[in-house]
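Architecture and fold: a report
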Amino acid sequence: SAVISQKPSRDICQRGTSLTIQCQVDSQVTMMFWYRQQPGQSLTLIATANQGSEATYESGFVIDKFPISRPNLTFSTLTVSNMSPEDSSIYLCSAQTGLGEQFFGPGTRLTVL
Amino acid sequence: GIQVEQSPPDLILQEGANSTLRCNFSDSVNNLQWFHQNPWGQLINLFYIPSGTKQNGRLSATTVATERYSLLYISSSQTTDSGVYFCAVVNTGGFKTIFGAGTRLFVKA
């Protein structure tokens, strides 16, 4: 299994600012992902965080808005840039083990005013 | 891409009742998981079950990969079972996990 921590757990931000969310896994994992969950909705994949190279983004998500880093096998960051109220959401980090099982962090609850 | 459909979308149970949640998927998968998202938003792994049957206490799950569905059984439900249950799959040859819309469960005391 994998235990994932995220910080911050929540934040309230002003429009136009940026927030960086950190994700730490307690063991080396093969893949790391970032998801967004809007209120009352399911999870939507933002991107796959690739170690040492650019993330792979899903349709509708771009690097300028959601820059992602993954400097090693256990750590990744997601930045939400130039925020607007529509970015208010829960952002979740996940990691997939070599066996294919996926685990999630506790999420970052973001409110943009 | 692969489609994941969960039913029912909403479910209200009296404490002690049993229930079955269903997940249908449109293509072959090499990975299927069931998660419970509690009222505080934490996603809890229930089962990693690309095929076969597993049991964990009052919960059990069965995946029939050839027929492209999975079932999650909850027996003797408790109020702490309330929350949203998600089915998530990775289709064969892929690596991205795709989530269903979830089943929102409320267990009344």
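For the structure itself, look to the data block above.
Presented here is an overview of the structure given in this document. Numbering of residues starts from 1 in each chain and follows the order in which that chain's sequence is written. All chains are assigned letters beginning with A, and all ligands numbers beginning with 1, in the order in which they are written. Totals for whole chains, interfaces and linings use all residues, but because this is a predicted model, local features are given only for residues with pLDDT of at least 70 and pairs of side-chain atoms are given and counted only at 80 or more. Hydrogens are left out, water is left out, and the side-chain values use all remaining heavy atoms of the structure.

1. Considering the overall build of chain B
Rule in force here: Numbering of helices and strands runs from the N terminus; a helix is a DSSP stretch of H or I covering at least four residues, while a strand is a stretch of E covering at least two. Radius of gyration: C-alpha atoms only; globule rule: 2.2 Å multiplied by the number of residues to the exponent 0.38. Relative accessibility thresholds used throughout: buried, under 20% of the residue-type maximum; exposed, over 50%; partly exposed, between the two (1.4 Å probe, protein chains only). Note on areas: Shrake-Rupley, 1.4 Å probe, and residue coverage restricted to the protein chains presented here. His residues and chain termini do not enter the charge count, which takes Lys and Arg as positive and Asp and Glu as negative. One atom stands in for each charge, and that atom is NZ of Lys, CZ of Arg, CG of Asp or CD of Glu.
Secondary structure summary: chain B contains 0 helices and 11 strands in total. The order of α-helices and β-strands along chain B, N terminus first, is β-β-β-β-β-β-β-β-β-β-β. Taking 13 Å as the expected radius of gyration for a compact globule of 109 residues, we find that chain B reaches 13 Å, a close match to that expectation. Each principal axis of the C-alpha distribution contributes one length, and for chain B these read about 45 × 25 × 20 Å. When each of the 109 residues of chain B is scored for burial, the buried share is 48%. Only carbon and sulfur atoms are counted for the fraction: they give 50% of the accessible area of chain B, which is about 5,100 Å². On chain B, the mean spot of the 7 positive side-chain charges and the mean spot of the 6 negative ones are 4 Å from each other.

2. Points about the pattern of salt bridges
The criterion, for reference: The salt bridge definition used is simple: a Lys or Arg side-chain nitrogen within 4 Å of an Asp or Glu carboxyl oxygen.
For the structure on display, the rule yields 3 salt bridges over all chains. We note a salt bridge from A:Glu58 to B:Lys96, for which the minimum N-O separation is 3.0 Å. In this pair, A:Glu58 is assigned in the loop between β6 (56–57) and β7 (68–72) and B:Lys96 in the loop between β9 (83–91) and β10 (98–99), connecting two distinct chains. Judged by relative accessible area, A:Glu58 falls into the buried class, the value being 19%. By relative accessible area, which is 29% here, B:Lys96 ends up partly exposed. In this structure, A:Asp87 and A:Lys65 form a salt bridge, with 2.6 Å as the shortest nitrogen-oxygen distance. On the criterion of sequence distance, the pair formed by A:Asp87 in the loop between β8 (75–80) and β9 (89–96) and A:Lys65 in the loop between β6 and β7 is long-range, its members being 22 residues apart.

3. A closer look at the sheet that holds strand β3 (residues 19–25) of chain B
In a beta sheet, neighbouring strands pair by backbone hydrogen bonds and run either parallel or antiparallel. Residues and elements named next belong to chain B. We count it as follows: When DSSP finds at least two bridges between two strands, those strands are taken to pair. Only C-alpha atoms enter the line fits that serve as axes; for helices the fit covers just the stretch in contact. Angles between N-to-C directions range over 0 to 180 degrees.
Reading across from one edge, β1-β3-β8-β7-β6 is the order of the 5 strands in this open sheet, with antiparallel pairing throughout. Each edge of the open sheet is held by one strand with a lone partner, namely β1 (4–7) and β6 (52–56). With direction set aside, neighbouring strand axes in the sheet form an average angle of 15°.

4. Examining the side chain of A:Ser94
Residues and elements named next belong to chain A. So the rule is basically this: In the analysis that follows, any N or O atom pair within 3.5 Å is treated as a polar contact, provided that within protein one partner can donate a hydrogen and the other can accept it, and provided that, for residues neighboring in sequence, both atoms belong to side chains. Contacts between residues were defined by any pair of non-hydrogen atoms, one from each residue, lying within 4.5 Å.
The residue Ser94 is located in strand β9 in this model. Take Ser94: its relative accessible area is 0%, and that puts it in the buried class. A polar contact of 2.7 Å, which involves the side chain of Ser94, links it to the side chain of Gln102. If we skip the residues at most four places from it in the chain, Ser94 touches Ile4, Met31, Met32, Phe33, Tyr35, Gln102, Phe103 and Phe104.

Remember, this is a structural readout, not a statement about activity or role.
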